[in-house]
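# Breakdown of the fold
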Amino acid sequence: MSTLPAALQSQLGRVGRRLASGVLAGPLEFMRAVPYRDAGHGYDVFGYEPLHAAFALSVLESVYRHWFRVRSYGVESIPDRGAVILAANHSGTLPFDATMLWTDIVLRRHRLPRPVSDYFVPSLPFISTFFARGGVVGGTVGNLRVLLENGELLMIFPEGVPGITKSFRERYRLRDFRVGYAELALRYHTPVVPVGIVGAEEQMPRLARIPVPGHPFGLPFLPVPLTLVPLPVRYHLHYGEPLYLHEELRPGDADDPEVVRQASERVRSAVQALLERGLRLRGGVFR
Amino acid sequence: MLGASTPLGERLCAALLADPELRAVLAVTREPREQTHLPEDPRLTWSQVDITHARPVHDLLFGRVRELEVDVVVHLAMHRANDFGARVHVQNVESLRWLLAQADRHPTLRRLVLRSYGEVYRLEPDLPSVITEDHPLELSPEAPQWVRDRVEADLLACTRMGIASGLEVAVLRCAEVLGPAEGSQLYDYLSAPVCLRSAGFDPMLNVLSLEDATEALRRAVYAGGTQGIFNIPGADTLPLTRCIRLAGRLDVPVPGPLLAPIYELRRRLRGAQFSYRLNRGRFHFAAVLDGAHARQVLGYTPHHPVAWQAGLR
């Protein structure tokens, strides 16, 4: 039996959605034009939903255009359909690099990137839900397999947490890459597009990190950045040509640790080369 | 059919009897015939058996089952209420063990279809949100008996695949059937006018309608020659908050640690079934069954969404 408060809440929810759809008409129209697999109630199985993504886009687009003033090079390297893995460097204490990359691809390539998060992210209240609505998925092999089989675009930061939390003096020196993404690329014959993100390293220099006893929500530690908000550095996103790691390999080679390691190393070298080119080309941290 | 008086059992009886080629359905219930809603059909035989004792199970198998030359057993007789204790365990697990042991030397039985549960899977942040049949099971010793019994029964059936001579085993791990008297924890949760949930979490759920569950079981009955584990997802994949709204309930987010004691109090005071402890995982982390195997082998695809308002009265 429906209660009055519940009916009122439901009505408010509907009004809120209608209002949000009106306010966010432009981004919503844009996001609705980006294909996704609706599982039946307007959400995909991982929780992505266009209205929330439109809200994220409306906020992020301002940051993208006016705060970080992102410049993008070679985004057309991303195939316009089919499964693709984007492998990028990760840095900056807080994952603004992921949000800028997501925004760039949505705006300029009209595809929905699925950022792959670390294991602890689904445990974080509010953040986990907000991220899921924008297309973020937990970084498990099972999830990634489903996405690749569905022909989706994965956005992976193979350095993981060690990348985003490295100290300022280690900037633009890539950490070791986790190799799971390379194995998936080999197994599912998926092209890997390397991405070098220049600018994020200087956005929030980390002063220290505070260990979190007991790892609540799986958080390894809390970073202490120099500034509370990121500095208005200019982002440069450099996309490389797709790497077809599986070419000239047999299907069973995805199980060979050495083959997988070499494939990942090839991607890492490509990302490092893009970073070096990006650093050479930029006029300064804020330019 | 064991557990024929459950809503699913009654529907499945009707669905099977719709096949004119089918010679007989033996409906086994714990309740007297007049308390059931089994269809009237000359091919339906009813039998009242208490499966919590070994002797009646034996006598059923080597009595009516043999007489009617029953070749497929559908097991739906898992204890539905959120109770615990030795007797519940016997019904959930030991009765199946007796059945499997005796099926080995039974002259007519050739197939067992076990209705299992999506709740047997372990839900953790580092595990996939889309659950395939090889997903880890909830084997934690801290898991409530409700879950442990289901896991044990499921594994018991799985271990017999290919071992019991001539007996095919199909284990159907069904998403939650959102309906009354089906032992659905979510149904009980949504029966309250106010639904509390952990603030900051709105995981994706998948729920199954009675129609689709019936169809999946019917297909499994007829899928002779195949055995294995099959996830049976429903047609509704949606966030928890949307479930609550569709059910016409008030959605109230509260700090997570408060939920277990509040719902335990509700259970004790109101005799409710829902236990937050039992559902903690899926109230935090997305869990959607992947039905690819059932689609490929059984030809099952969910087509019937839950009738939200009608189904939750």
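Residues numbered from 1 in each chain as written. Chains lettered and ligands numbered in written order. Predicted model: local features only at pLDDT ≥ 70, side-chain atom pairs only at ≥ 80, totals over all residues. Heavy atoms only, no water.

Moving on, we come to the nonpolar core. All names here are of chain B. V74, L172 and I232 are the most contacted members of the largest nonpolar core, which totals 45 residues. At the level of secondary structure, the elements contributing two or more residues to this core comprise α1 (7-17), β1 (25-29), β3 (72-75), α4 (145-159), β6 (168-174), α6 (210-222) and β10 (228-232). For I232, the contacting residues outside a window of four places in its chain are L172, R173, C174, A175, L208, A216, L289, A294 and Y300. (Core = buried A, V, L, I, M, F, W, Y, C linked by side-chain atoms within 4.5 Å. Buried < 20%, exposed > 50% of the residue type's maximum accessible area, 1.4 Å probe, protein only. Helix = DSSP H or I, 4+ residues; strand = E, 2+ residues; numbered from the N terminus. Contact = heavy atoms within 4.5 Å.)

Here we come to the sheet that holds strand β11 (residues 236-239) of chain B. Residues and elements named next belong to chain B. Spatial strand order, β7-β9-β11: 3 strands in an open sheet with mixed pairing. The open sheet terminates on both sides in strands that have one partner only, identified here as β7 (176-177) and β11. Across 2 bridges, the pairing between β7 and strand β9 (residues 204-208) is parallel. Considered in β9, the bridge of V177 is made with L208. (Pairing = 2+ DSSP bridges.)

Whether parallel or antiparallel, the strands of a sheet pair through hydrogen bonds between backbone atoms. Residue and element names in this part refer to chain A. The 7 strands lie next to each other as β1-β9-β6-β2-β5-β3-β4, forming an open sheet whose pairing is mixed. One side of each edge strand has no neighbouring strand; the edge strands of this open sheet are β1 (71-73) and β4 (137-138). When strand β3 (residues 113-117) meets β4, the two strands line up parallel, connected through 2 bridges. When the bridges of β4 are listed, S117 appears paired with G138. Where helix α4 (residues 96-109) meets the sheet, its contacts fall on β1, β2 (84-88), β3, β5 (153-156), β6 (192-198) and β9 (236-239), and the angle it forms with β9 comes to roughly 65°. Lying on the sheet, helix α9 (residues 257-281) is in contact with β2, β6 and β9; it crosses β6 at an angle near 35°. (Axes fitted to C-alpha atoms, helices over the stretch in contact; angles between N-to-C directions.)

Moving on to the pattern of salt bridges. Residues and elements named next belong to chain A. Enumeration according to the criterion identifies 40 salt bridges over all chains in this entry. Here R282 makes a salt bridge to E202, at a shortest N to O gap of 2.7 Å. In this pair, R282 is assigned in the segment after α9 and E202 in the loop between β6 and β7 (206-211), connecting sequence segments 80 residues apart. Taken individually, R282 and E202 each receive the classification buried, so the pair is uniform in this respect. In the salt-bridge network here, residues are joined through shared partners; they are D44, R114 and E152. (Salt bridge = Lys/Arg side-chain N within 4 Å of Asp/Glu carboxyl O.)

Keep in mind these values describe shape, not function.
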